[in-house]
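# Tertiary structure, described
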Amino acid sequence: MRDAIEEQRKIQTELRLEYVDVIVSYKFLNFLDPPPVVLPAKEQIAPNRFTITQLILIIKELQNLANEKGYIEDYALVQFFTRRVSNGLCRNDFPADWHSKTLKDFQKMIRNLDRESYGYVEFKTLASYLCLLATTLPNEIFITGFEEELNDKSEDEGYISKANFLETASFFDISESSPHTESNSMVFDRVRLIKEILFDIHKEANGMVNIEDFIRVLGEFP
């Protein structure tokens, strides 16, 4: 038969298999219809909050405005936000709800973050506030409960590692999530990415977050 195939001659020999050994292998899968294409994860854009990409960019810029002690002057912040939002080339760097904000709106926002009228805002406070823009800060009882959850997973007294920080349930797990609306796409884990950004904002020289200081910052939100 082999010779006939190689010489391209017609095969007239009848092939009979009296005994057949069947081997089932899952290495080869046959589909009548090809499996659906799984699309990459996609964040659902909301008009009242920054996307992950926008957050990364804006936080980096704000960090450059901060002095060596980690503070930014109120005036510099108001000017920064007013100019950027009014610049048509930069409008996509902000949530849709921010496109109509004016100088007075940003003055009010910064004033609320600088409640003691020091004349400056801590970078960590402002950056954390922007991360959780769509979240209403819960009452003190819930914040205390969140602090206890963090302390329970603390590896060093008063400090928490990144792995444990990411795995700790938080009060913003629902409000900051990205709805999964497409069945043929991967899930966009926005909450985990928010936690990663928050961790990087608050990370100290030892590579961990000071839990007490993190909770203090949350308490300074408007």
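The preceding data block contains the structure.
What you see is a predicted model, and the numbers here were worked out from it, not measured in a lab.

Here is what the cut-offs are and how they apply
- Residues numbered from 1 in each chain as written.
- Predicted model: local features only at pLDDT ≥ 70, side-chain atom pairs only at ≥ 80, totals over all residues.
- Heavy atoms only, no water.
- Helix = DSSP H or I, 4+ residues; strand = E, 2+ residues; numbered from the N terminus.
- Buried < 20%, exposed > 50% of the residue type's maximum accessible area, 1.4 Å probe, protein only.
- Axes fitted to C-alpha atoms, helices over the stretch in contact; angles between N-to-C directions.
- Parallel < 35°, antiparallel > 145°, perpendicular 65-115°, else oblique.
- Left-handed = near helix turned anticlockwise from the far one by under 90°.
- Contact = heavy atoms within 4.5 Å.
- Nonpolar A, V, L, I, M, F, W, Y, C, P; charged D, E, K, R; others polar.
- Core = buried A, V, L, I, M, F, W, Y, C linked by side-chain atoms within 4.5 Å.
- Salt bridge = Lys/Arg side-chain N within 4 Å of Asp/Glu carboxyl O.
- Arc of directions from axis to C-beta.
- Phe/Tyr/Trp six-rings, centres within 6.5 Å; stacked < 30°, edge-to-face > 60°.

On to the side chain of serine 161, then. For serine 161, the position within the fold is in the loop between strand 3 (159-160) and helix 7 (162-167). Owing to a relative accessible area of 11%, serine 161 belongs among the buried residues under this scheme.

Another aspect to go through is the packing of helix 5 (residues 123-131) against helix 9 (residues 211-218). Contact geometry for helix 5 and helix 9: axes closest at 9 Å, N-to-C directions at 65°. With respect to their mutual orientation, helix 5 and helix 9 come out roughly perpendicular. Relative to helix 9, helix 5 is oriented so that their crossing is right-handed. Contacts between helix 5 and helix 9 involve Lys124, Thr125 and Ser128 from the former and Asp213, Arg216 and Val217 from the latter. Of the residues in the contact of helix 5 with helix 9, the class split is 1 nonpolar, 2 polar and 3 charged.

Core analysis: the biggest nonpolar cluster contains 48 residues, and Ile59, Leu62, Phe81, Trp98, Leu130 and Cys131 have the highest contact counts within it. Contributing elements (two or more residues each) for this core: helix 2 (52-65), helix 3 (74-86), helix 4 (103-113), helix 5, helix 6 (140-152), helix 8 (190-202) and helix 9. Those residues in contact with isoleucine 59, other than ones at most four positions away along the chain, are Phe123, Ala127, Cys131, Ile197 and Ile201.

Turning our eyes to something else, we now look at unusual backbone geometry. A positive phi is found at serine 117, a non-glycine position, where the angle reads about 55°. On the secondary structure map, serine 117 appears in the loop between helix 4 and strand 2 (120-122).

To continue, consider the packing of helix 3 against helix 4. Running from N to C, helix 3 and helix 4 cross one another at 140°; their axes reach a closest spacing of 9 Å. Classified by the interaxial angle, the pair formed by helix 3 and helix 4 is oblique. Read as a crossing pair, helix 3 and helix 4 show a hand that is right-handed. Every residue of helix 4 that contacts helix 3 at Asp74, Leu77, Val78, Phe81, Thr82 and Val85 is listed here: Leu103, Phe106, Gln107, Met109 and Ile110.

Another point: the pattern of salt bridges. All chains considered together, the criterion is met by 11 salt bridges. Close ionic contact of arginine 216 with glutamate 122 constitutes a salt bridge, the shortest N to O distance being 3.1 Å. Here arginine 216, found in helix 9, pairs with glutamate 122, found in strand 2; they are 94 residues apart in sequence, far enough to count as distant. The exposure class assigned to glutamate 122 is buried, which follows from its relative accessible area of 13%. Its salt-bridge partner being glutamate 167, residue arginine 192 comes within 3.0 Å of it at the nearest N-O pair.

So, on to helix 4. Quick reminder: α-helices carry 3.6 residues per turn. Residues three or four places apart thus point the same way. Every buried residue of helix 4 is listed here: Phe106, Met109, Ile110 and Leu113. Considered in projection along helix 4, the buried side chains sweep an arc of 90° and stay on one side of the axis. When the buried face of helix 4 is taken as reference, the exposed residues oriented beyond 90 degrees from it are Lys104 and Arg111. Buried positions along helix 4 lie against helix 3, strand 2 and helix 5.

Below, the discussion takes up the packing of aromatic side chains. Tallied over the entire structure, the rule returns 16 aromatic pairs. Ring geometry for phenylalanine 80 against phenylalanine 81: centres 5.2 Å apart, planes inclined by 70°, an arrangement best described as edge-to-face. Taken together, a centroid distance of 5.5 Å and an interplanar angle of 15° make the contact between phenylalanine 81 and phenylalanine 106 stacked. Of this pair, phenylalanine 81 sits in helix 3 while phenylalanine 106 sits in helix 4, placing them 25 residues apart in sequence. Accessibility assignment for this pair places phenylalanine 81 and phenylalanine 106 in one class, buried. An aromatic cluster is defined as three or more aromatic residues linked by ring pairs; in this entry it consists of Phe50, Phe80, Phe81, Phe94, Trp98 and Phe106.

Keep in mind that these numbers describe shape and distance, not what the molecule does.
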